[in-house]
Amino acid sequence: MRAVDLIQKKRDGYELTTQEIRWLINGYVAGDVPDYQMSAFAMATYFKGMTMRETRDLTMAMVESGDQLDLSAIAGIKVDKHSTGGVGDKVTLILAPLVASFGIPVAKMSGRGLGHTGGTLDKLESIKGYQIEVTQADFIRQVQDKGLAVIGQSENMVKADKLLYALRDVTATVDIMPLIASSVMSKKIAAGADAILLDVTVGNGAFMKNLDDAQALSETMVKLGREVGRQTVAAVTDMSQPLGQAIGNRLEVLEAVAIMQGQGRTDITNFICQLAQLMLKLGGRDVDLVEIKNHLTNGSALQKFEDLVAAQGGEVSDIYRPVKTEYIYEVRADKAGYISALPALYFGHFAMELGAGRSVKTDQLDYDAGIMFEKKVGDTVFSGDLLAKIYSNRKIPQKKITEFVKNVTISDEKTATQEILTIID
Ligand code: URA
């Protein structure tokens, strides 16, 4: 076989065979198919798409490109969760301990943030001492002993995705359904969980900009999971505004802790309880929302989070440490009304420029930098009300603050919000 023939076949709209897809992925991981040919293939796929069969073959070829985790030593149904990316997305920090507090084992591998989206690993690493690199044996032992572990994906898992994702990131081929579906699902399948909850974000701050695309992606991933024997459910969730109040690693840890103390905003608290209900159901437990919420107010979830931090070498007291930055800017409303838009993409980029995120992989993060919103879409504001606080170790010119205020739309009519738009199961 020759890579050029497979690129041409895809470019001309033909379906590749299982053997051809496997040959291409194996060759790419082995270094026999160079980046420039794989980029051309990704671009051909971007324009011509893939059938469901091709997408499944691509996913499985990627799974087989590295180690696969065997979680069978852990008793019970192991449930994993994955978000397709967002701004202010601290869901795993709360959801993992919340679900574990009901006795469902959570063995989770998370990723880092890139661009305007944040990553759970960075948030956890903002806690002093927290280790994300754990051997597979220790990972399994921790889930057996403590009921949960959240670690970084090992270097040897899904090697094809590591290479391909980095390539897609710089060749404008990230936002295409079969490539996202195979990237997400290959990681989840290799990580060994029995059941998977997918949080498929949609809107201005997400890869999927409209509901139809998010739904189609969800359906593909749910089908892929089921075809390989993993019970999979997808929640299509809103990412038109940042999730919750905080953007920035330490600020998000603090918000997560506040939610686990029962002091979070009602919208994000309810959202997380709904996701927890789906995840618990996948784990074989039917729990009503009131009981789930109780685990946030009675300290059960927080206790699990403390156990997690301690088990992975983190200083538990550090999860309560307030942020400390050289500058704190208060942003105030210039008129009265209702907040009707807070574009997640803009604020994600704003936080990234403060040092909360990376524009390239080698960027150093400023864990304390970020934004804390006091008002969210649907809230009432009066002129002069505090909209947000910006925590920064870099001086911000006034024109950037003025631009920030301009990006907060205030209208006369109240806008309805909905965190979970639809569920695909
Ligand atoms: N998240 C992933 O893991 N892969 C993608 O391709 C997009 C989002």
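The paragraphs below set out a description of the structure included in this document. All values derive from a computational prediction rather than experimental measurement.

Topic: the sheet that holds strand 9 (residues 370-373)
Here is step 1: If you trace the four strands from one edge of the open sheet to the other, you get 6-9-11-7, paired in antiparallel fashion. Of all strands in the sheet, those with a lone pairing partner are strand 6 (246-247) and strand 7 (327-332), marking the two edges.
Here is step 2: Pairing of strand 9 with strand 11 (residues 386-392) involves four bridges; the strand directions are antiparallel. Among the inter-strand pairings, Phe373 is bridged to a residue of strand 11, identified as Ala388.
Here is step 3: Across the sheet, helix 15 (residues 344-354) is in contact with strand 6, strand 9 and strand 11; its angle to strand 9 comes to roughly 135°.
Here is step 4: Relative to the sheet, helix 16 (residues 398-406) contacts strand 7, strand 9 and strand 11, its axis offset from that of strand 7 by approximately 40°.

Brief notes about the pairing of strand 9
Here is step 1: The side-chain alternation of strand 9 yields two buried faces, one formed by Gly370 and Met372 and the other by Ile371 and Phe373.
Here is step 2: The pairing of strand 6 with strand 9 spans two bridges and is classified as antiparallel. From the neighbouring strand, Ile247 faces strand 9, where its bridge partner is Ile371.

Observations regarding the pattern of salt bridges
Here is step 1: Evaluated as defined, the whole model comprises 24 salt bridges.
Here is step 2: Glu20 serves as the salt-bridge partner of Lys9, at 2.8 Å between the closest nitrogen and oxygen. One end of the pair, Lys9, is in helix 1 (residues 3-11); the other, Glu20, is in helix 2 (residues 18-30), with eleven residues separating them in the sequence.
Here is step 3: We classify Glu20 as buried; its relative accessible area is 13%.

Regarding the site of the ligand
Here is step 1: His82, Thr84, Tyr165, Arg168, Ile180, Ser183, Val184, Lys187 and Phe207 make up every residue found near the ligand.
Here is step 2: The separation between an oxygen atom of the ligand and a polar side-chain atom of Arg168 is 2.9 Å.
Here is step 3: Within the side chain of Ser183, a nitrogen or oxygen atom sits 2.6 Å from a nitrogen atom of the ligand.
Here is step 4: Look at the ligand: alone it shows 240 Å² of surface, and the protein chains cover 93% of it.
Here is step 5: Mapped by element, the contributors of at least two residues to the shell around the ligand are helix 8 (159-169) and helix 9 (177-190).
Here is step 6: Looking at the shell around the ligand element by element, the count peaks at four residues for helix 9.
Here is step 7: Partitioned by chemical class, the residues of the shell around the ligand number four nonpolar, three polar and two charged.

Here we look at unusual backbone geometry
Here is step 1: Even without glycine at this site, Val158 takes up a positive phi of about 40°.
Here is step 2: Tracing the sequence through the fold places Val158 in the loop between strand 3 (148-152) and helix 8.
Here is step 3: Relative accessible area serves as the criterion here: at 0%, Val158 is assigned to the buried category.
Here is step 4: We note that Ala172 has phi near 55°; this positive angle belongs to a residue other than glycine.
Here is step 5: Assignment of secondary structure puts Ala172 in the loop between helix 8 and helix 9.

Examining the packing of helix 1 against helix 2
Here is step 1: Where helix 1 meets helix 2, the closest approach of the two axes is 11 Å, and the angle between their N-to-C directions is 125°. Relative to helix 2, helix 1 is oriented oblique. Crossing of helix 1 against helix 2: the hand is left-handed. Between helix 1, through Ala3, Leu6 and Lys9, and helix 2, the contact on the second element is made entirely by Glu20, Trp23 and Leu24.
Here is step 2: Of the residues in the contact of helix 1 with helix 2, the class split is four nonpolar, no polar and two charged.

A look at the sheet that holds strand 1 (residues 79-83)
Backbone-to-backbone hydrogen bonds join strands into a sheet, with any given pair of strands oriented parallel or antiparallel.
Here is step 1: Spatial strand order, 1-4-5-13: four strands in an open sheet with mixed pairing. Two strands in the sheet have a free side with no partner beyond their single neighbour: strand 1 and strand 13 (420-424). Averaged over all pairs of adjacent strands, the angle between their axes in this sheet comes to 15°, without regard to strand direction.
Here is step 2: As paired elements, strand 4 (residues 195-202) and strand 5 (residues 231-238) share eight bridges and run parallel to each other. Each bridged residue has a counterpart across the sheet, and for Val202 the counterpart in strand 5 is Asp238.

Quick notes on the packing of aromatic side chains
One pair of aromatic rings is described through two measures. These are the centre distance and the angle between the planes.
Here is step 1: One pass over the structure, following the stated rule, counts eight aromatic pairs.
Here is step 2: Where Tyr346 meets Phe347, the ring centres are 5.0 Å apart and the plane angle is 80°; that geometry is what we call edge-to-face. Here the two residues Tyr346 and Phe347 agree in accessibility, since each one is buried.
Here is step 3: Taking relative accessible area as the criterion, Phe347 reaches 0% and is therefore assigned buried.
Here is step 4: Chaining the aromatic ring pairs together yields one cluster made of Tyr346, Phe347, Phe350, Phe373 and Phe404.
Here is step 5: Here Lys187 stacks its cationic end above the ring of Tyr165, 5.6 Å away from the centre of that ring.

Reading the values: rules and limits
Residues numbered from 1 in each chain as written. Predicted model: local features only at pLDDT ≥ 70, side-chain atom pairs only at ≥ 80, totals over all residues. Heavy atoms only, no water. Pairing = 2+ DSSP bridges. Helix = DSSP H or I, 4+ residues; strand = E, 2+ residues; numbered from the N terminus. Contact = heavy atoms within 4.5 Å. Axes fitted to C-alpha atoms, helices over the stretch in contact; angles between N-to-C directions. Buried < 20%, exposed > 50% of the residue type's maximum accessible area, 1.4 Å probe, protein only. Salt bridge = Lys/Arg side-chain N within 4 Å of Asp/Glu carboxyl O. Near = heavy atom within 4 Å. Polar contact = N/O pair within 3.5 Å; in protein donor to acceptor, adjacent residues only side chain to side chain. Areas by Shrake-Rupley, 256 points an atom, 1.4 Å probe, with all protein chains shown as cover. Nonpolar A, V, L, I, M, F, W, Y, C, P; charged D, E, K, R; others polar. Parallel < 35°, antiparallel > 145°, perpendicular 65-115°, else oblique. Left-handed = near helix turned anticlockwise from the far one by under 90°. Phe/Tyr/Trp six-rings, centres within 6.5 Å; stacked < 30°, edge-to-face > 60°. Lys NZ or Arg CZ within 6 Å of the ring centre and 35° of its normal.

Read these as spatial facts, not as claims about activity.
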